[in-house]
Amino acid sequence: MSTKIRNGRPHRPGQPPRGRPSRPHTGRPDPGRSSLSAPAPRKREPVVIELPQTVTVKELAELLNVGTGQVIKELITRGLMLTVNQSVDFATAADVAAAFNVQVTPKPVDASEGVIAAEIEEEENLRPRPPVVTILGHVDHGKTSLLDAIRQTNVTAQEAGGITQHIGAYQVEIKGQKITFLDTPGHEAFTAMRARGAQVTDIAVLVVAADDGVQPQTLEAISHARAANVPLIVAINKIDKPEANPDRVKQQLAEAGVVVHDWGGDVEAVEVSARRKTGIEDLLETILLVAELQGLKANPNRPATGTVIEARLDKTRGPVATVLVQNGTLHVGDFIAAGPVYGKVRAMFNDRGKRLKAAEPSTPVEVLGLSDVPRAGDKVHVAPSEQAAKLFAQQYAQQMAQEAQVQARPTTLEEMFKQDGQVKELNIILKADVQGSIEPIRLSLERLSGDEVKVKVIHQGIGNVTESDVLLAQASRGIIVGFNVRVEPGARRAAEMANVDIRLYNIIYDAVDDIRKAMAGMLEPRFVEIQEGRAEVRKLFGRNGEVAGCVVLDGKIVRNTLARVMRNGQLVGEGQIESLRRFKDDVREVAAGYECGLMLAGGPKLEVGDIINTFRKERVAGDVPL
């Protein structure tokens, strides 16, 4: 009988092997075997949780079921030094959650759980409220000095160089009636807030120096006030100066379309001297008169709503927001939402630093107790509870995120005239290089108005397109038309962020034709030429000289690009690079300094010495590159 060797021991057939008896394979792990030989456990599936648009570090740690220290450590690795009570946005929270193998989805926000929607006010609940006045005008014409004279306090001395550095809100009283003033650095800040949907001003006071007259910034301020559709009062300042000429100022204003009462118009004008404090009472009485004609009212017996005028982070007091109460009454202890920020009103101060327990309509107050610093222009609402205020803030943040993803462009010509069946109004900010060009362009554009479309030049000026022009276009949903001007770098960046359409021209007909085509729904896409390369013809080959031996002078020559042929400095024709070779090889492009052979399709017959300029066309959205 044959014997086999198994594990170093003799084994005869028919006998079971020595040692542990064999088990049939069942697909299950053998309990007698070492755990090292067991199959690896499956990877844990990531947990999915819902997160709001903003969440505190402490709340995030609780939702992730980890310690706050671990979350703070993850935030530090991302360059964020936050405490347990500070908030992070959804994207940051999602990034941290991923580090703990947790996936997140946006938590839907129920608007009904947030702040109560604004109710239609009953007439019997409304009470007269103080007017809110913004002071506008040219730099150094005495805006802050005038406010200083009104308040009888030395505001100017507190400002660097006598120029206002921030937005301030102040309230004064005359003959038992209050007036709220917003002292702004200029019409740009005034319009920037309006561009974010904050319409806080009832009356605009235009300050014009009697010795300096109407200046470019004066004209801009007029346009911004008109676009905001607020009544205008002219304060002719510095009448105490020997060279003061108020009549010349009134004439210049009339030329700008602002006709004062003395000249048969509907705009009130008051002559004042901020330095000598003359005419101040007349100005305040005029403001109250114009406000009375407007019939300004609000309901003080309801939860407050308002607007953030300015906000900052104070080292000792935390986030501080200057809030203008517009309706209702704001109380210490109220839960509020200010845009994507929420909190509880811990303390309120008026413009003179006095503590307040309540603030009625048209009252500006500094508010402490917010979770973060809001933006100027954010709406403020009182909520019934802290949770409701937080939900409202989250809803606002979610809405902002959606708007950032879908950037609507209502002010481009292409999209404006896609809307059928609506009477459209096209607001235009017109800039030109010289005064003589303004009037013919404006008249040509305004003549395009018809029954369905109204073309309106809301501002015109001399010089390059500025950030102020972009802000005005954004706030008024207009476009900017430039004639022989350029776009300043800051204005270009602002236009890209705000999606404002800027169109530059050097021929009046082109501007008029573009807008006419847009109004007819036939505006063609705009293209610009991008120069690619330049080559010189050195020799001709082929039976008819159709192949040109060239040297690439600069750039690069690319096959199938468009080309212009210049001969003795004159354009002789255009074509397309049909064939391109290096020696015997077909190539796609040839760089500067190298020789090549090319054939031009659709162009003129080439000659030795011709210069071939190649270019490509790129589509642009309205704007013409500088």
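The text that follows walks through the structure, step by step, so that each part is easy to find. The structure presented is a predicted model; accordingly, all values stated were derived computationally and were not measured.

1. Quick notes on the packing of aromatic side chains
Pairs of aromatic rings are described using the distance from one ring centre to the other and the angle between the two planes.
Part 1: This structure, assessed with the given rule, holds zero aromatic pairs.
Part 2: The ring centre of F615 lies 4.3 Å from the NZ or CZ of R564, which sits over that ring.

2. Section: the pattern of salt bridges
Part 1: All told, the structure shown has 25 salt bridges when counted by the stated rule.
Part 2: D514 serves as the salt-bridge partner of R503, at 3.3 Å between the closest nitrogen and oxygen. You can see R503 sitting in strand β27 (residues 502-505) and its partner D514 sitting in helix α14 (residues 508-519), a full eleven residues away along the chain.
Part 3: The exposure class assigned to R503 is buried, which follows from its relative accessible area of 0%.
Part 4: Put simply, E74, R78 and D95 are held in one network by salt bridges that share partners.

3. Things to note about the pairing of strand β11 (residues 203-209)
Part 1: Burial analysis of β11 places seven of its seven residues in the buried class, the great majority of the element.
Part 2: Of the two faces of β11, both are covered, the one formed by I203, V205, V207 and A209 as well as the one formed by A204, L206 and V208.
Part 3: As paired elements, strand β8 (residues 132-137) and β11 share five bridges and run parallel to each other. When the bridges of β11 are listed, L136 appears paired with L206.
Part 4: Note that the unit made of β11, helix α6 (residues 216-227) and strand β12 (residues 232-237) has a crossover that is right-handed.

4. With respect to the packing of helix α12 (residues 467-476) against helix α13 (residues 489-498)
Part 1: Where α12 contacts α13, the two axes come as close as 8 Å, and the packing angle between them is 20°. Classified by the angle between their axes, α12 and α13 sit roughly parallel to one another. As for the relative orientation of α12 and α13, their crossing is right-handed in sense. Contacts between α12 and α13 involve E467, V470 and Q474 from the former and G490, A491, A494, A495 and A498 from the latter.
Part 2: Classifying every residue of the contact of α12 with α13 gives five nonpolar, two polar and one charged.

5. A short note on the nonpolar core
Part 1: Within the largest apolar cluster, 27 residues are counted, with the highest numbers of intra-cluster contacts made by L146, I179, F181, L283 and I287.
Part 2: Counting residues per element, the ones that place at least two in this core are β8, α4 (143-151), β9 (168-174), β10 (177-183), β11, β12 and α8 (280-294).
Part 3: The leading source of residues in this core is α8, at seven residues.
Part 4: Listed in part, the 20 residues of the second largest apolar core include I222, L232, I236 and L253.

6. Details of the side chain of D469
Part 1: With respect to the helices and strands, D469 occurs in helix α12.
Part 2: At a separation of 2.9 Å, a polar atom in the side chain of D469 contacts the main-chain amide nitrogen of T466.
Part 3: For D469, the contacting residues outside a window of four places in its chain are I429, K431, H459, N464 and I480.

About the cut-offs
- Residues numbered from 1 in each chain as written.
- Predicted model: local features only at pLDDT ≥ 70, side-chain atom pairs only at ≥ 80, totals over all residues.
- Heavy atoms only, no water.
- Phe/Tyr/Trp six-rings, centres within 6.5 Å; stacked < 30°, edge-to-face > 60°.
- Lys NZ or Arg CZ within 6 Å of the ring centre and 35° of its normal.
- Salt bridge = Lys/Arg side-chain N within 4 Å of Asp/Glu carboxyl O.
- Helix = DSSP H or I, 4+ residues; strand = E, 2+ residues; numbered from the N terminus.
- Buried < 20%, exposed > 50% of the residue type's maximum accessible area, 1.4 Å probe, protein only.
- Pairing = 2+ DSSP bridges.
- Right-handed = clockwise from strand over helix to strand, strands pointing away.
- Axes fitted to C-alpha atoms, helices over the stretch in contact; angles between N-to-C directions.
- Parallel < 35°, antiparallel > 145°, perpendicular 65-115°, else oblique.
- Left-handed = near helix turned anticlockwise from the far one by under 90°.
- Contact = heavy atoms within 4.5 Å.
- Nonpolar A, V, L, I, M, F, W, Y, C, P; charged D, E, K, R; others polar.
- Core = buried A, V, L, I, M, F, W, Y, C linked by side-chain atoms within 4.5 Å.
- Polar contact = N/O pair within 3.5 Å; in protein donor to acceptor, adjacent residues only side chain to side chain.

Everything listed here is a matter of geometry and, on its own, says nothing about what the molecule does.
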